[in-house]
Amino acid sequence: MKRSIGFVVGAFFVLALTGPSRAQSTLEKIDKSGALTIGTRTGSPPFAFINRNNEWVGFAIDLVEQAILPALNKKLNKQIKLEKKESAPATRIPLLTSNAVDLIAETMTDTQSRREQVDFSLTFFVTGAQFLVRKGSPVKNIESIAGKRIAAQQGSTNAKIIREKVPSARLVEFPDQPAGFQALSQRQVDAYTNDGIQLAGLKAKAPKPEEWAIVGEFFSYEPYGMAMRKNDSDFRQVVNVGLMDAISSGRYAEIYEKWFGAKGEVPYPLTPENKRFLQLQVVPK
Amino acid sequence: MSYDFDWSVLWTGQSGSWLIQGVLTTLHIFALGLLIALALGIVAGALRTVPIAPLRWLASGYVEFFRNVPLLVWMFFWYFGVPPFLPRAIQDWLFDHGVEFWAGVCALGVYHGARFAEVIRAGIQSIPKTQLEASLSTGLTVAQAYRLIIVPIALRLIIPPATNETVNLLKNSSVALTIGVAELTFQTRQIETYTARAFEALAAGTILYLILCLTIASIMAYIERRVAIPGMIAQGQTGAS
């Protein structure tokens, strides 16, 4: 019985996934349609968000436009357009496997279990989980959250780590950042955990940034990569070459400065270690 | 694009216990929400038909206000909007005792209460007016007539649309994940997080909701058969004209 239900449902999803055309490489698809479709966020400043002028912008979107599109144009020898669709942690892998998007460019952490489903570009940003708290809160780091109410983002690696390391913490998971921050500002939770850079984004956007503090050492390692369909190394090569060229030419540093520099959306200086790490990923031509 | 299914993710690791916890939480929030919804629905539905104008206005106000605002907004209202008006000590107590769950119960109960009220009103209005007049002429007060005659008959008549509403309430309980209630949909997403297997997790959720809803439908069908007054639906209406 169990097997037959599994089979029926499996068949249903396979039908849903199998388009009319047979397996087509991503480069062929982009060449034919003339557009690269990315999945990205609308509420993750400064990586991808809708700004005050109602424009969909961000660091990850700039990287795609200024690093990956030029590499694609060169490879396919034509002008490729960029199309954006909204993705979320729960939808980004299905969006890729169903061909709805070709590339996920947002705040997706590269993990081993995700690598079983999708392929990742090289790491384009490095961060780690911390806590956002009201100034003077007893929560200082992951050691001091036992018995506390902690908000986290659903589907994030941070929630997983807290559940495993500090099972006595009362974890409340929200689907998006605004709800988690709202719970924190109403004192429904004692701290909100997410990747440090996202907390910096939230703090910078808060009505009174000086009321909030980002505390604790990184208790997780979150390397952001761009995800694409598995086993499509030609496309991945173009994406990686685009990123490598941007890092070695200084284009990456300019885009970084625009979003994370002193005058950027979320000031977050590039540490020497992270800079070195990015440069070491660039293999010789 | 082909996709290799790996159904074993649903019973290896913690997935199985998460799904069970998810089903239990969904049933818990559903049962409490249903109790509130039925209580509010019966009272408001009955009041909408009574011959006393202020009570009718009150009930109409409740129904229109709660029915016409999206459930998601009510979730946020009960979770973020209500606690700040309570004294600090009660707030702290609530925050330590799963406020998100109770906010979810209130949101579902009050929202679906307004929808149930309309179903019950329709049931009451389908009963010939002469029934009420006859019961009043035997010396019953309006309250007694409603309690002993009208509402018991109406509840039997509305079982099919009430089944709809009940199934809706169960499915709408998934909206509670927006305020952090770890119900079934939440747990399927959790499995996706841990295994990166979205399709398997989604399929498991789909099948579990299907089983739950079919169970509700068959329980309601059983109740319908048990409490049916022979000939009531067909003959009651022809008798009215």
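Residues numbered from 1 in each chain as written. Chains lettered and ligands numbered in written order. Predicted model: local features only at pLDDT ≥ 70, side-chain atom pairs only at ≥ 80, totals over all residues.

Caption draft 1: Focus on the overall build of chain A. Tallying secondary structure elements over chain A gives 11 helices and 15 strands in all. Against the globule reference of 19 Å for 285 residues, chain A gives a C-alpha radius of gyration of 20 Å, in line with a compact fold. By its C-alpha atoms, chain A is 60 × 55 × 35 Å across when sized along the principal axes. Buried residues in chain A amount to 45% of all 285 residues. (Helix = DSSP H or I, 4+ residues; strand = E, 2+ residues; numbered from the N terminus. Rg over C-alpha atoms; globule rule 2.2 N^0.38 Å. Buried ≥ 20, exposed ≤ 12 C-beta atoms within 10 Å, placed from the backbone.)

Caption draft 2: Representation of the overall build of chain B in the model. Looking only at helices and strands, one finds 11 helices and 0 strands in chain B. For chain B, the succession of helices and strands along the chain, N to C, is α-α-α-α-α-α-α-α-α-α-α. Projected onto its principal axes, the C-alpha coordinates of chain B cover approximately 70 × 50 × 30 Å. In chain B, which comprises 241 residues, the share counted as buried stands at 39%. Residue pairs at least 24 apart in sequence account for 80% of intrachain contacts in chain B once pairs closer than 6 positions are excluded. (Contact = placed C-beta atoms within 7 Å.)

Caption draft 3: Broad picture of the packing of helix α3 (residues 59-76) of chain A against helix α10 (residues 251-260) of chain A. Residue and element names in this part refer to chain A. Close contact between α3 and α10 brings their axes to 10 Å; oriented N to C, the two are set at 150°. With respect to α10, the axis of α3 lies roughly antiparallel. In the crossing of α3 with α10, the sense of the turn from one axis to the other is right-handed. Seen from α3, the contacting residues are Phe59, Asp62, Leu63, Gln66 and Ala67; seen from α10, they are Arg251, Ile255 and Trp259. (Axes fitted to C-alpha atoms, helices over the stretch in contact; angles between N-to-C directions. Parallel < 35°, antiparallel > 145°, perpendicular 65-115°, else oblique. Left-handed = near helix turned anticlockwise from the far one by under 90°.)

Caption draft 4: Representation of the sheet that holds strand β9 (residues 129-134) of chain A in the model. Residues and elements named next belong to chain A. Pairing in this open sheet of 5 strands is mixed, and the strands run β11-β10-β12-β9-β13 from one edge to the other. Strands with a single pairing partner mark the edges of an open sheet, and in this sheet they are β11 (170-174) and β13 (212-215). Mean inter-strand twist for the sheet, computed between neighbouring axes without regard to direction, equals 30°. In this structure, strand β10 (residues 149-153) lies alongside strand β12 (residues 191-195), joined through 3 bridges in parallel fashion. Its bridge partner lying in β12, alanine 151 is registered against tyrosine 192. (Pairing = 2+ DSSP bridges.)

Caption draft 5: Structural context of the interface of chain B and chain A. Residue-level contacts link 24 residues of chain B with 30 residues of chain A. Counting residues per element, the ones that place at least two in the side of chain B that touches chain A are α5 (99-125), α9 (184-195) and α10 (198-227) of chain B. Of all the elements, α9 of chain B adds the most residues to the side of chain B that touches chain A, at 6 residues. A class-by-class count of the residues in the side of chain B that touches chain A yields 17 nonpolar, 4 polar and 3 charged. (Nonpolar A, V, L, I, M, F, W, Y, C, P; charged D, E, K, R; others polar.)

Caption draft 6: Looking closely at the pairing of strand β1 (residues 35-40) of chain A. Residues and elements named next belong to chain A. Strand direction decides the pairing type here: β1 and strand β5 (residues 81-86), joined by 6 bridges, are parallel. Counted as the bridge partner of alanine 35 is lysine 81 from β5. Pairing analysis gives 2 bridges linking β1 to strand β6 (residues 103-104), with the strands arranged parallel. Bridge assignment links isoleucine 38 to a residue of β6, and that residue is leucine 103.

Caption draft 7: Quick peek at helix α8 (residues 159-172) of chain B. Residue and element names in this part refer to chain B. Its 14 residues place the ends of α8 19 Å apart at the C-alpha level, agreeing with the 20 Å of an ideal helix rising 1.5 Å per residue. For α8, the full list of buried residues reads Ala162, Glu165, Thr166, Leu169, Leu170 and Asn172. Contacts from the buried residues of α8 go to α1 (15-47), α3 (71-81), α5 and α10. (Expected span 1.5 Å × (residues − 1).)

Caption draft 8: Region of the structure containing the environment of leucine 72 of chain A. Residues and elements named next belong to chain A. Positionally, leucine 72 belongs in helix α3. C-beta crowding within 10 Å serves as the criterion here: with 24 such atoms nearby, leucine 72 is assigned to the buried category. Sequence separation of leucine 72 and leucine 27 is 45 residues, and the distance between their C-alpha atoms is 8.6 Å. Each residue touching leucine 72, except ones within four places of it in the same chain, is listed here: Ile30, Leu36, Ile80 and Val238.

Caption draft 9: Fine view of the environment of isoleucine 158 of chain B. Residue and element names in this part refer to chain B. Along the chain, the position of isoleucine 158 falls in the loop between α7 (142-157) and α8. A residue is classified by how many C-beta atoms lie within 10 Å of it, and isoleucine 158, with 23 of them, is buried. In the structure, isoleucine 158 is positioned 54 residues away from leucine 212 in sequence and 21 Å away in space, judged by C-alpha atoms. Those residues in contact with isoleucine 158 that sit more than four places away from it in its chain are Val119, Ile120, Ala122 and Gly123.

Caption draft 10: Geometry of the sheet that holds strand β4 (residues 56-57) of chain A. Across the sheet, 3 strands lie side by side as β2-β3-β4 (chain A); this open sheet has antiparallel pairing. Unpaired on one side and paired on the other, β2 (43-44) and β4 of chain A mark the two borders of the sheet.

Caption draft 11: Summary view of unusual backbone geometry. All names here are of chain A. In this model, proline 45 is joined to proline 46 through a cis peptide bond whose omega is 0°. If you trace the backbone, proline 46 turns up in the loop between β2 and β3 (48-50). In this model, arginine 187 sits at a positive phi of 65°, which is unusual for a non-glycine residue. Position of arginine 187 among the secondary structure elements: in the loop between α7 (177-185) and β12.

Caption draft 12: Representation of the environment of proline 152 of chain B. All names here are of chain B. Mapped onto the elements, proline 152 comes out in helix α7. By the C-beta count within 10 Å, which is 12 here, proline 152 ends up exposed. Spatially, the C-alpha atom of proline 152 lies 9.5 Å from that of isoleucine 124, the residues being 28 residues apart in sequence.

Caption draft 13: Geometry of the packing of α9 of chain B against α10 of chain B. Residues and elements named next belong to chain B. At their nearest, the axes of α9 and α10 sit 8 Å apart, and the two run at 160° to each other. Classified by the angle between their axes, α9 and α10 sit roughly antiparallel to one another. Seen from above, α9 lies across α10 with right-handed handedness. When α9 is examined against α10, the residues Leu184, Thr185, Thr188, Ile191 and Glu192 are found in contact with a partner set consisting of Ala198, Ala201, Leu202, Ala204, Gly205, Leu208 and Tyr209. Its residues assigned to classes, the contact of α9 with α10 shows 8 nonpolar, 3 polar and 1 charged.

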